[in-house]
Amino acid sequence: MDRIAYKDGRLQVEGVDLEALAESVGTPLYVYSASSILARYRALREAFADLDPGIRYAVKANSNGAILKMLHREGCGFDLVSGGELERVLRVGADPQTLAFAGVGKQDWEIILALETGIGLFTVESEAEVDLLESLAGAAGRRARVAIRLNPDVDPKTHEYISTGKKENKFGLAFDRAAVMIPRIQESAWLDLKAYHVHLGSLLLEPDPFLEAVERILTFVDEDPIRSDGIEAYDMGGGFGIRDVFEDPLDLSVLAAGMSRLLGPRAWKLLLEPGRYLLGNAGLLLSRVLYRKPGFEKDYLVVDASMSELIRPALYSAEHRVLAVTENGTPDPRPVDVVGPVCESSDFLAKDRLLPRLDRGDLLAVADSGAYGFTMASNYNTRPLPAEVLCREGQATLIRRREELPDLWRNEVTEGIDLA
Ligand code: LLP
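On a predicted model such as this, the values are computed, not experimentally measured, just so you know.

So, how was this worked out
Residue positions within a chain follow its written sequence, with the count starting from 1. Per-residue local features are limited, in this predicted model, to residues with pLDDT of at least 70; the limit for side-chain atom pairs, both in listing and counting, is 80 or more; totals at the level of whole chains, interfaces and linings are taken over all residues. Side-chain metrics rest on all non-hydrogen atoms present in the structure, leaving aside hydrogens and water. Only strands joined by at least two bridges in the DSSP assignment are considered to pair. Numbering of helices and strands starts at the N terminus; helices are DSSP runs of H or I of at least 4 residues and strands are runs of E of at least 2. Orientation is described by lines fitted to C-alpha atoms, with helices fitted over the stretch in contact, and by angles between N-to-C directions that extend from 0 to 180 degrees. Expected span of a helix, by definition, is 1.5 Å for each gap between consecutive residues, and there is one gap fewer than residues. Exposure is judged per residue with a 1.4 Å probe applied to protein chains only, and the accessible area is read against the type maximum: over 50% gives exposed, under 20% gives buried, and values in between give partly exposed. When checking whether two residues touch, look at their non-hydrogen atoms; a contact exists if any pair is within 4.5 Å. What fixes the domain bounds is an automatic or database domain assignment. A quick way to say it: buried area is the sum, across both parts, of accessible area lost when two parts are put together, with a 1.4 Å probe. We define a salt bridge as a contact between a side-chain nitrogen of Lys or Arg and a carboxyl oxygen of Asp or Glu at a distance within 4 Å. Counting of polar contacts relies on pairs of N or O atoms within 3.5 Å, with two restrictions inside protein: one atom must be capable of donating a hydrogen and the other of accepting it, and residues adjacent in sequence are counted only when both atoms are side-chain atoms. Throughout this document, a residue counts as near a molecule or strand when at least one of its heavy atoms sits within 4 Å of that molecule or strand. To be clear on the numbers: accessible area is Shrake-Rupley with a 1.4 Å probe, and residue cover counts the displayed protein chains and nothing else. Each residue gets one of three labels, nonpolar for Ala, Val, Leu, Ile, Met, Phe, Trp, Tyr, Cys and Pro, charged for Asp, Glu, Lys and Arg, and polar for the others, Gly among them.

**Describing the sheet that holds strand β11 (residues 233-235)**
Backbone hydrogen bonds hold the strands of a sheet together, and the pairing may be parallel or antiparallel.
Inference 1: Strand order in this closed barrel of eight strands is β5-β6-β7-β8-β9-β10-β11-β12, and the pairing throughout is parallel. With strand direction ignored, the average angle separating the axes of adjacent strands in the sheet is 30°.
Inference 2: Direction of pairing for strand β5 (residues 53-58) relative to strand β12 (residues 269-272): parallel, over a ladder of three bridges. Residue pairing across strands places isoleucine 55 opposite leucine 272, the latter belonging to β12.

**Let's talk about helix α8 (residues 208-222)**
Inference 1: Here α8 spans 21 Å end to end across 15 residues, near enough to the 21 Å set by a 1.5 Å rise per residue.
Inference 2: All buried positions along α8 are accounted for by Pro209, Phe210, Leu211, Ala213, Val214, Ile217, Leu218, Phe220 and Val221.
Inference 3: The inward-facing, buried residues of α8 abut α7 (175-186), β10 (191-197), β11 and α9 (252-263).

**Here we look at helix α5 (residues 108-117)**
In an α-helix, one turn spans 3.6 residues; hence positions three or four apart end up facing the same way.
Inference 1: Along α5, the positions that sit buried rather than exposed are Glu110, Ile111, Leu113, Ala114, Leu115 and Thr117.
Inference 2: Remark: glycine 118 follows α5 within two positions and exhibits a positive phi of approximately 75°.

**Observations regarding the domain arrangement of the chain**
Inference 1: Taken domain by domain, the chain comprises domain 1 (4-32 + 281-402) and domain 2 (34-279).
Inference 2: Taking the mean C-alpha position of each, domain 1 and domain 2 sit 32 Å from one another.
Inference 3: Carbon and sulfur atoms supply 54% of the area that domain 1 and domain 2 bury against each other, a total of about 2300 Å² over both sides.
Inference 4: Ranking the residues of domain 1 by area buried against domain 2 places Asn281, Tyr316 and Tyr372 at the top, with a combined share of 28%.
Inference 5: At the boundary of domain 1 and domain 2, one finds one salt bridge.
Inference 6: The tally of links from domain 1 across to domain 2 stands at 16 residue pairs in polar contact (both at pLDDT 80 or more).
Inference 7: Those elements that provide at least two residues to the side of domain 1 that touches domain 2 are α11 (312-316), β19 (387-392) and β20 (395-400).
Inference 8: Take the side of domain 1 that touches domain 2: its biggest share by element is four residues, from β19.

**A word on the site of the ligand**
Inference 1: Neighbouring the ligand are 18 residues; Ser202, Glu273, Arg312, Tyr316 and Tyr372 lie closest to it.
Inference 2: Here an oxygen atom of the ligand and a backbone polar atom of glycine 239 are 2.8 Å apart.
Inference 3: Relative to its free-state accessible area of 580 Å², the ligand is covered by the protein chains to the extent of 91%.
Inference 4: Taken together, the residues of the shell around the ligand sort by class into seven nonpolar, five polar and six charged.
Inference 5: Each of domain 1 (4-32 + 281-402) and domain 2 (34-279) contributes no fewer than three residues to the shell around the ligand.

Below, the structure written as structure tokens:
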């Protein structure tokens with residue numbers, strides 16, 4: 001991605017020098033390229049232009065308000081999975097019509113808030129949830145627009161922890177259950193069935209699973225004409241895969257052509273819920289080397305970022321590319337593990353890498369961490385959450401201050417409060 005590139009041997013994000021940024025804001029630090037995010041958003045919209053696409057950015061990938069605001073200004077809607085995410089997008093002025101609320105475990109207060117907001121779509125995925133939504137909608141005197149999330153039992157060929165559309169996953173309704181739910185929703189006084197939804201999983205790099213899913217779903221829908229009554233949209237979920245920062249992501253042209261062929265004859269809107277596709281390659285985690293530690297078989301680069309800031313390598317064995325911020329020639333022949341200060345052997349950011357020789361004080365960047373980086377960060381080992389900076393055309397903007405230590409114990413009650 002050319003907006004994250006070396007210039008005169010130094011790594012820059014949209015022309016912002018990372019060495020200078022680290023000096024002024026400190027590390028560990030998340031740095032994002034605004035233009036990269038916007039370019040991906042536009043590429044997605046253009047690829048699916050035939051199908052009147054409605055893009056609902058998956059807020060869980062990166063929920064910083066500055067990023068949400070930027071996407072909202074482009075006309076982007078949002079895919080939400082909690083009342084907290086709903087409040088976040090309302091703060092940046094999102095249009096309720098462009099909001100879709102997914103998730104297997106919506107709580108009463110979250111449903112009530114979403115009903116009062118008048119959101120565009122509730123994705124439902126169990127009988128119990130439909131019963132609750134109906135009764136809360138009746139109590140609030142607000143009709144709910146509903147999508148049924150189907151589980152088409154399609155293998156997305158991704159890591160098992162981020163697969164969601166197979167029959168062993170907790171997500172979605174099997175076709176036989178959906179067959180019973182459809183008339184149940186259509187007959188409800190408070191629910192309007194408007195869409196079918198599917199989300200197969202994350203990091204899909206081939207178009208086939210998306211197409212197989214829509215084929216199975218259309219076959220199911222066409223088995224009974226009532227299943228098309230009132231339907232306005234097909235929500236294909238997210239999961240559009242990315243590769244390394246310097247490589248192309250999932251080729252959208254084959255996928256878009258396939259979707260047009262299958263959905264074109266129906267006057268349905270296409271909804272897409274990208275998260276990682278927009279943010280993943282656009283962000284990096286900047287970190288400074290604390291120590292170089294020779295080990296038995298390899299060296300360890302102990303850096304000031306850890307699994308607390310980026311848990312993906314520990315959780316999914318994700319392989320993020322590591323970039324030396326200052327290019328200094330040929331790789332060192334001895335492999336290194338890039339590890340953090342946290343007391344766990346799973347606290348690594350990269351393993352067995354051949355990197356340029358790096359030592360104490362040098363900076364490195366863990367690439368492709370704009371999605372599910374900050375949002376999955378924790379305070380483990382009493383580490384403050386990192387700061388975030390958004391770069392655009394040479395300008396760096398602080399979009400989150402670094403957390404301070406007192407923030408970490410603000411809600412603790414050291415003396416304790418006896419409960420009645
Ligand atoms: N829509 C729904 C209903 C979802 O559950 C998700 C992600 C998305 C859209 C966006 O998926 P994306 O386009 O970002 O792949 N923490 C994991 C990824 C978990 C994804 C959860 N659901 C990771 O770091 O790989």
